[in-house]
Amino acid sequence: RSFRVTQQRGKPVPSELAPLVMATVHPSSVLRAPTDEERHAQQRLLVRDFRRLAAALRSAAVRGR
C-alpha cells in the first residue's frame, strides 16, 4: 500500500519474485498524456527508467548474479 510508482519508478524494489525488480509506468500511459509536451516528458522518463534497468542488469551480470 505504501508503494507509489510515481515516486519509486526507476529504482530497485525489494521483491521475492526475482533478484532484480524495478518499477516503471506501462508504456501505453505515455500515449495517454494530454499534451504533446507531456507525452515527450513522459517518454523521456520511460527511456530513463529503461536505461537505469539496463545498467542495473549489466551491473548484476558483472557481479555474477
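As the structure is a computational prediction, the values presented were derived from the model and not from experiment.

**Comments concerning the side chain of D49**
Here is step 1: Along the chain, D49 falls in helix α3 (residues 36-63).
Here is step 2: Owing to a relative accessible area of 2%, D49 belongs among the buried residues under this scheme.
Here is step 3: In contact with D49, not counting residues within four places along its chain, are R9, G10, M22, A23 and T24.

**Remarks on the side chain of R9**
Here is step 1: Here R9 shows up in the loop between α1 (5-8) and α2 (28-31).
Here is step 2: There is a polar contact of 2.8 Å between the side chain of R9 and the side chain of D49.

**Quick notes on the environment of P27**
Here is step 1: With respect to the secondary-structure elements, P27 resides in the loop between α1 and α2.
Here is step 2: Between the C-alpha atom of P27 and that of R39, which follows or precedes it by 12 residues, the distance is 11 Å.
Here is step 3: Those residues within four positions of P27 in sequence are excluded, and the remaining contacts are L46 and F50.

**A short note on the pattern of salt bridges**
Here is step 1: Tallied over the full model, the rule gives 3 salt bridges.
Here is step 2: We note a salt bridge from R9 to D49, for which the minimum N-O separation is 2.8 Å. Of this pair, R9 sits in the loop between α1 and α2 while D49 sits in helix α3, and the two are 40 residues apart along the sequence. Residue R9 shares its accessibility class with D49, and that shared class is buried.
Here is step 3: A salt bridge links D49 to R48; the nearest nitrogen and oxygen atoms lie 3.3 Å apart.

Definitions and limits used
Residues numbered from 1 in each chain as written. Predicted model: local features only at pLDDT ≥ 70, side-chain atom pairs only at ≥ 80, totals over all residues. Heavy atoms only, no water. Helix = DSSP H or I, 4+ residues; strand = E, 2+ residues; numbered from the N terminus. Buried < 20%, exposed > 50% of the residue type's maximum accessible area, 1.4 Å probe, protein only. Contact = heavy atoms within 4.5 Å. Polar contact = N/O pair within 3.5 Å; in protein donor to acceptor, adjacent residues only side chain to side chain. Salt bridge = Lys/Arg side-chain N within 4 Å of Asp/Glu carboxyl O.

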